[in-house]
Amino acid sequence: MDEGARAGEHAGVWSGSWVAERLGVGIAGDDALTGMLGLALRRNPKRAHLLVSNVLGKHVPQSPSVVYGHGLALGRRVRGLLGAEEAGRAVVLGYAETATGLGHSVADGLGAAPCLHSTRRPVAGAVPAGGFEESHSHATSHLLLPEDPALLAGDGPLVLVDDEFSTGNTVLNTVRALHERYPRGWYVVVALVDMRSAADVGRLEEFAREIGARVDLVTAASGTVRLPEGVLEKGQALVARYEAEGPGAAGPPSAAPSWPVARFPTPVDLCWPSGLPDGGRHGFTPAHRARLDSALPGMAARIVRALPAGARRVLVLGFEELMYAPLRLACELERTAGAEVRYSTTTRSPVLAVDDPGYAIRTRLVFPAHDDPADGPGERYAYNVAGGGFDAVVAVVDSAADTPALHAPDGLLARLAAHVPHVLLAVVPSYVPGSPGSPHAPERPPMLPEPLRGPAFSSYAPDEVGWLLQDLSEVTLEAPTEEREEAIQRGGAHYAESLPVEYQPSEQYQELFHAALEASAARLARAVGAVTEIVLTERSPRPVLVSLARAGTPVGILMRRWAQYRHGLDLPHYAVSIVRGRGIDANALRRLAADHDPADVVFVDGWTGKGAITRELAAALRDFEVSDGITGFDPEIAVLADPGSCVRTYGTRDDFLIPSACLNSTVSGLISRTVLRADLVGPHDYHGAKFYRELSGADLSRAFLDAVSARFPEVADTVDAQVKELLAADRTPTWEGWAAVERISEEYGIHDVNLVKPGVGETTRVMLRRVPWKVLARAGAGADLDHVRLLAEQRGVPVEEVAGLPYTCVGLIHPQYTRGATGADGRAVTR
């Protein structure tokens, strides 16, 4: 097979036509079906035909961004179906082996959902939380082995992910087994294709009524398979005939390759993060995903350095259930390697190979199982690799599969070397529940660095705050706002990988800041006093204040000053980094736990918007307990203002101007927003930030603190009365802000809550750091919005007054950003 005739890529020929012509099997349905599916035959007494996906990354090498993109898109649709609140409670379950990577990808698209996949590999010490049968499969028994038994025990939606939904039997078996043990009210079935018959559709609906639960289906395409009478017997006979004619494309090559076969593959040390699970066999949380996101650029760079010079076409080959980690590595390679990258995995599934453009499985490599499977030795397969025109293949296996059988003369590596000039081997440590970490990774250093303090780092006095950060002041990290926005929205970069150019306010804008500070200083002082008193009463008499850098840092200092002024307390105060989508700095938590009782730690921020960071912190602390076994950190954030009704510990729930939101580093100790980038932040480093010493002439950090602190005496009595009212009130979070953001996202056609920034503080950040589309202002909002109106005028952004807006204002980031888009440029989605 020449390169132009690779499976799934032969122009004008459907890769199911060979089977259709000989057996009369056909598919009908959505226009996308024939592009997504081909047909093949397999040795299986229950079903002769095999629907071969062109976008799954199992049997057919495909662009990794296409594979990952299909899963992300399905996950986003599930999130839209569930709504943000239910999506935040959902758990994703993928099916082994074919849909393990797809399940992970759906979980990524869903947002903050943990992912688990079934497995056929029992693990010593892991207690099954359930199991089920896949009736049509060649290997039927699925185990569920979550490290945390509570993962399946909740009552939030369960999202079940498979590559195809053919009869519904597997889903029925799963739901029936789990519902008896962990009943819940909502199940969502996700598949790339829905190929059920009308009768099978009715069975699922009847089953949902039987168990009294809602069952929804989300798929990328749907249709039906036409199976003529006697197709099973005809298919089996056809398979027997072709296999009896000789190995052909199904066996090893008949001629020696034109290159010298390497005796050993090239090893690649990925430096996989210590303790990070290799996938969802025992559960994979959003914090795990964040760690993987952070490490991927470095791991991909190590692979790129090991690739042969001039490699034009590279295959990343995963291993059976190990699909997600190789997929993400392949995506990163595709982004950075400068070569055409494809992705697929090995499999247990025996399929006939026929070297014909109209057949989905063109070639087959056969090799013995190499992970000591519980069900005994057997053959394993890699399809459409031979003849694929690959210059190099990167085999990614877990350490349980890095055995002598893998390296044997008839093993996978030797089979690959016979068809591909360069073979690389990357081994991911197999995660064992309860283990302290990977044996392949270096041990954590016994001592983390001391906190950074002013004046060496920040313009704050050394006793005001200790920064659990590393100093990146000498690194160029700034990028123009438009370039950053384009990269972020296209998925090519995370917002924490670069910094916006620091906004330098005009003289008019600085006058607004000073006027706002003068007008609001007493109000701020009351909020500072109230929230500090609540912390001292309800949380700890000697709290350790830990601000979320950087917006929380001035607030933490003010709370520390209040405790000193009113009670003579000298409270410890630190600033740590938390990054949306990647969690809190785990090394900072380790340092805090080494020096203080975690139960005394109180996390501090300036204000809440929709509550994304509140949720991020709670999820990150849960994962930290699992990874490090350190308990006691309370995820409840203390804030000055809680307009989103996301927390219990606050000074006020009014949405008003906190002047520190008006500026960037010049009101935050001259410290940048925090940075998390794999080439700068290693596994044993704190997150980074810059100290802008050159802006010292414009620094207002201490002026802001002093202006508010000066009002403490005059508000003391008012604070006492306010605290008394707050302590007696019902402060249970209602998450009204999140609900409002979802409504706005849909009403304005944005469909992404991350692009809706509610409240005065968040709107100001949009104007300073992002590419704004428009500002929604509550009708009648007064001086609190003077600075927002000025920024909007300077950037050409419309301000739209909205009656009944639950916030003083809401900033909308440009929802379909293109370079140069600032304000309503006609290229945004329409309402």
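Residues numbered from 1 in each chain as written. Predicted model: local features only at pLDDT ≥ 70, side-chain atom pairs only at ≥ 80, totals over all residues. Heavy atoms only, no water.

### With respect to the overall build of the chain
Part 1: A tally of helices and strands in the chain yields 22 helices and 32 strands.
Part 2: Residues classed as buried in the chain amount to 59% of the 831 residues present.
Part 3: In the chain, the proportion of contacts linking residues at least 24 apart, taken out of those at least 6 apart, comes to 77%.
Part 4: Element-wise, carbon and sulfur atoms account for 51% of the exposed surface of the chain, whose accessible area totals about 30800 Å². (Helix = DSSP H or I, 4+ residues; strand = E, 2+ residues; numbered from the N terminus. Buried < 20%, exposed > 50% of the residue type's maximum accessible area, 1.4 Å probe, protein only. Contact = heavy atoms within 4.5 Å. Areas by Shrake-Rupley, 256 points an atom, 1.4 Å probe, with all protein chains shown as cover.)

### Description of the confidence of the model for the chain
Part 1: Across the chain, pLDDT averages 83, with 86% of residues at or above 70.
Part 2: Overall, residues 1-9 carries pLDDT values under 50, and its contacts beyond four positions in sequence, including any with other chains, amount to 30 contacts.
Part 3: Long-range and interchain partners of residues 133-140, a stretch whose pLDDT sits below 50, account for 31 contacts in this model, where long-range means more than four residues apart. (pLDDT = per-residue confidence, 0-100.)

### Some remarks on helix 20 (residues 736-747)
Part 1: Over its 12 residues, helix 20 runs 16 Å from end to end, which matches the ideal 16 Å to within 8%, given 1.5 Å per residue.
Part 2: If you check which residues of helix 20 are buried, you get Gly 737, Trp 738, Ala 740, Val 741, Ile 744 and Ser 745. Viewed end-on, helix 20 has its buried residues packed into an arc of 160°, placing them on one side of the element. Among the exposed residues of helix 20, those pointing more than 90 degrees away from its buried face are Glu 736 and Arg 743.
Part 3: In the core, the buried residues of helix 20 are packed alongside helix 3 (64-82), helix 4 (84-87), helix 17 (612-628), strand 29 (756-758), strand 30 (772-778) and strand 32 (809-813).
Part 4: Phi turns positive one or two residues past the end of helix 20, at Gly 749, with a value near 70°. (Expected span 1.5 Å × (residues − 1). Arc of directions from axis to C-beta.)

### Description of the nonpolar core
Across soluble globular proteins, you tend to see nonpolar side chains buried next to one another.
Part 1: Formed by 78 residues in total, the largest nonpolar core has its most connected members in Trp 467, Met 559, Ile 584 and Phe 603.
Part 2: The element that contributes the greatest number of residues to this core is helix 14 (residues 507-539), accounting for 12 residues.
Part 3: Not counting the four nearest positions on each side in its chain, Phe 603 is found in contact with Val 546, Leu 548, Ile 584, Leu 589, Leu 617, Leu 621, Phe 633, Asp 634, Glu 636, Ile 637 and Ala 638.
Part 4: With 76 residues, the next largest nonpolar core counts Leu 50, Val 78, Ala 113 and Tyr 187 among its residues. (Core = buried A, V, L, I, M, F, W, Y, C linked by side-chain atoms within 4.5 Å.)

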